[in-house]
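For reference, the chains in residue letters:
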Amino acid sequence: MSHKLQFVHEKDPSQHLESIHNFYDPPQHKDTTKNWYDHTKPWITYVSVQSDNVFLIPKWIEEYQKPVVDDECRYEGNLEFGWGDNSAQGMMDNFWRVILRGGGCTHGGKLYGKSQKKINFLYDLLHDNGFDWVKPQATSGPTWELAVGSTPDEKKWLVYFGDNQPEFELFSFLPKGKKYSAKLINAWNETIEDFDGEITSDQKFHLPRKPYQAVLLTEE
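Here is a short report on the structure shown in this document. (Residues numbered from 1 in each chain as written. Predicted model: local features only at pLDDT ≥ 70, side-chain atom pairs only at ≥ 80, totals over all residues. Heavy atoms only, no water.)

### Re the pairing of strand β7 (residues 156-162)
Along a regular strand, successive side chains alternate from one face of the sheet to the other.
Item 1. Counting buried positions along β7 yields six of seven residues, so the element is predominantly enclosed.
Item 2. Where strand β6 (residues 147-150) folds back on β7, the antiparallel hairpin that results is connected by five residues, among which Glu-154 adopts a positive phi of roughly 60 degrees. (Buried < 20%, exposed > 50% of the residue type's maximum accessible area, 1.4 Å probe, protein only. Helix = DSSP H or I, 4+ residues; strand = E, 2+ residues; numbered from the N terminus. Pairing = 2+ DSSP bridges.)

So this is what it looks like as structure tokens:
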């Protein structure tokens, strides 16, 4: 396989992006890449993987030092297979978690469900707030259940709660001594509201208890 890929790389006059779509068979391969093609090869430009294990995106980025694209994080649909029977909420949730952990994500061709509208909302939110690319944050420690990403300069942060509904939070991962104004976002309802009060790394703050919320922070 390697020599064929190297041949394509050497003969491609347009220098296309090149990868191999790796199957990630749950549950026996949840945290191993032994069945993957070796993405460290110099002719592989990014990691392409089929997986719903979105928590490991930062680990794969660090391991391979290359962009990671989750080509199949499951699909919204009604098939008898687990990869094709995700709900619209579940599909949206996977996109938020992959993107805010620094990865790329895809969702097939023409879409008939409801999740693509919510994914477009995320795209617009990132585009309108200067997230040229997402720097993954808070990838370990007590806030592991969150998906957190910042702009490259760390002036803006986006923190996603998913279906968790905490009544209060402490963003201990934020830089010490910084203060942030905030907007409260509902990813499913596609709403953005002003959040009353400043947020710092050492002060708890209260939240309304609803699913699929996020907080957009801007350094003051």
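### Observations concerning the sheet that holds strand β4 (residues 104-105)
Item 1. Sheet architecture is open: four strands sit in the order β1-β2-β3-β4, paired in parallel fashion. Only two strands of the sheet have a single partner each, and these edge strands are β1 (21-23) and β4.
Item 2. By the bridge criterion, four bridges tie strand β2 (residues 47-50) to strand β3 (residues 68-72) in an arrangement that is parallel. The residue bridging Ser-48 from the neighbouring strand is Val-69, located in β3.
Item 3. Seen against the sheet, helix α2 (residues 57-64) touches β2 and β3 and runs at an angle of roughly 130 degrees to β3. (Contact = heavy atoms within 4.5 Å. Axes fitted to C-alpha atoms, helices over the stretch in contact; angles between N-to-C directions.)

### Thoughts on α2
Item 1. Turning to α2, its buried residues are Ile-57, Pro-58, Trp-60 and Tyr-64. Down the axis, α2 shows its buried residues gathered within 165 degrees of arc, on one side only.
Item 2. Where α2 is buried, its residues meet β2, β3 and α3 (88-100).
Item 3. Positive phi appears at Gln-65, one or two residues downstream of α2, with a value of about 55 degrees. (Arc of directions from axis to C-beta.)

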